[in-house]
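Remarks on the overall topology
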Amino acid sequence: MSRIFLISLNTCNHPFEVYPLGMAVVGAALEDDGHQVRMYDYLAAGQNDGDLIHAVEEYRPEFVGLSIRNLDDNIDSSFEIDNAKKFKWISGLVEQIKNSTKAPVIIGGPAFSLMPETILDLTGADYGITAEGEKAICRLITDLQENRKTDRIISGSDFFLPGSGIKGALYEESLVRYYYDVSDFINIQTKRGCPFQCVYCTYPSLEGDRFRYRENQEVIDEIRRLKTELGCNSFFFTDSVFNDPAGRYRELLEDIILEDLDIKWAAYFTPYRLEKADIDLCKRAGLFAVELGTDASNTTALAGMNKMFDWDGVVKANNIITKAGLACAHFVIFGGPDETYETLAEGIENCRQLEKCVVFGYAGIRLYPGTLLMERALSEGVIDGNTSLFEPVYYYCPAIDKQRMHEMICSGWGKDRRLIYPQAKGEMISQALKQMFNVKGLLWDNMHLLQRTTP
Ligand code: B12
Ligand code: SF4
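So, a few notes on the structure that sits alongside this text. (Residues numbered from 1 in each chain as written. Chains lettered and ligands numbered in written order. Predicted model: local features only at pLDDT ≥ 70, side-chain atom pairs only at ≥ 80, totals over all residues.)

This paragraph deals with the overall build of the chain. Regarding its fold elements, the chain presents 18 helices and 17 strands. Here the chain has a C-alpha radius of gyration of 22 Å; the compact-globule value for 455 residues is 23 Å, and the two agree. Judged by the C-alpha coordinates and their principal axes, the chain covers about 60 × 55 × 45 Å. Buried residues in the chain amount to 44% of all 455 residues. (Helix = DSSP H or I, 4+ residues; strand = E, 2+ residues; numbered from the N terminus. Rg over C-alpha atoms; globule rule 2.2 N^0.38 Å. Buried ≥ 20, exposed ≤ 12 C-beta atoms within 10 Å, placed from the backbone.)

Here's what the structure looks like:
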């Protein structure tokens, strides 16, 4: 048994604060393995470096685990991002931790997984685990305790759990209360992985390229506990794609209905093979808002992204969702592979035609290592082999001039408040909703509040 101090360093509050699920599932696995775990959430603890170091010293850990969720706190070209500054701060913290304890520092989380070598170097952590953390960290700790030689970077995808082996998280009461209070949501994962191959996407590399479903009963028990013991009634299912085409999600929803859990929830959906009966079932199980991974605004650009549906499929999904009376948001990127000025003009109009929904428009696609899009960007000369992707680099189809595209979107979407572009403006709208109406949660599902304030 070892004493392990886990830290989540995520301070991002856009679109809302999210419970540190990565740290919490790793914490649960370590406890199951017989260790003693203390979870420290930097945001909930008040964001004070001195307090964190003091807590580490007091706990006298034998191992420290650092969870880093976001590389970029905003993925849109309209934001100024300074990852060098953020990681300088993190490396300063690691240095202070190392001055306070002899415990090895093990780093993990999505940000680390996307650029492990760079982040291990920058932070000065001793070890890093990419992708899935639970099994790999337990193994690493045993190896270190038994003085076995081990690599500094361990690939967590070599330790993927079967779906039935993916257990719940440590939902610590004070943390749950903090996050539920500020964001009105608690996050739960029902499965991992994604078998689709959208060109820009990092999710399959983080979670694997096939769905691994948790046991329904485990998910139900987790929801029930959060509801009855901690008073949470509103959930975000964090699955990469909630409506898996094989339809396993339907079984979970039948159980939620059967067990009379009476919750409300939101999730990411794909328009692919989405039928009215599915949405009706979701609604009966408490779905109130759908975040649709629409991704592009026209059939050509959708094919360029390797999506499995065309624009008619998007319109169909939108109509099914909105006719069921559910809030619906689309996330659409302009300027991706195969975009032309013609498809752009078509896409701007397509989005205007989508009824009763909100559309978030993004310009350019943030490039990440290991994606198909990065290969394409290299072959098209958008980047070269020496381009660092640590600070955001955005892919724009070489046929497109980004300033002209920006002007086309701005003039095409005009003052329609349902169509949100650029995302820096989206953040201002979010802040306005939080401050003027004290709304929490997704925020975009409350856009109508702002509509009412315009003459
Ligand atoms: C669901 C989700 C959301 C939801 C969250 C809703 C909610 N209430 O939780 C919403 C839509 C709000 C959202 C928003 C954003 N998200 Co998001 N999101 C996800 C998603 C799909 C799942 C995250 C999740 O909870 N996974 C489940 C947990 C258990 O997994 P995990 O945290 O990865 O932890 C595992 C490992 O990383 C590892 N691990 C974690 N910590 C540690 C620590 C140690 C010591 C070790 C060894 C291992 C380890 O082990 C864990 C178990 O295997 C991921 C993509 C993906 N499929 O992973 C993106 C992802 C995390 N999001 C990302 C980003 C950037 C954002 C935003 C900044 C987007 C924006 N606004 O522009 C915001 C930030 C929100 C915030 N406040 O931080 C990025 C982060 C990396 C990056 N590119 O910077 C990801 C990876 C997607 C991507 N584009 O690549 N997101
Ligand atoms: S964009 Fe969505 S559907 Fe496509 S690979 Fe990523 S998670 Fe899967």
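On to the sheet that holds strand 17 (residues 419-420), then. One open sheet accounts for seven strands, arranged 7-10-11-12-13-14-17; its pairing is parallel. Edge positions in the sheet fall to strand 7 (186-188) and strand 17, since each of these pairs with one other strand and no more. With three bridges connecting them, strand 7 and strand 10 (residues 234-237) associate as parallel partners. Bridge pairing in strand 10 links Ile186 to Phe235. (Pairing = 2+ DSSP bridges.)

Here the focus is the site of ligand 1. Taken together, 45 residues are adjacent to ligand 1, and Gly22, Gly65, Gly108, Gly133 and Asn187 come closest. Mapped by element, the contributors of at least two residues to the shell around ligand 1 are helix 1 (21-32), strand 3 (63-67), strand 4 (105-108), helix 4 (110-114), helix 6 (134-145) and helix 8 (203-207). When residues in the shell around ligand 1 are grouped by element, the largest group, five residues, is from helix 1. A class-by-class count of the residues in the shell around ligand 1 yields 21 nonpolar, 17 polar and seven charged. For the shell around ligand 1, the two domains that each supply at least three residues are domain 1 (3-163) and domain 2 (184-452). (Near = placed C-beta within 6 Å. Nonpolar A, V, L, I, M, F, W, Y, C, P; charged D, E, K, R; others polar. Domains from an automatic or database assignment.)

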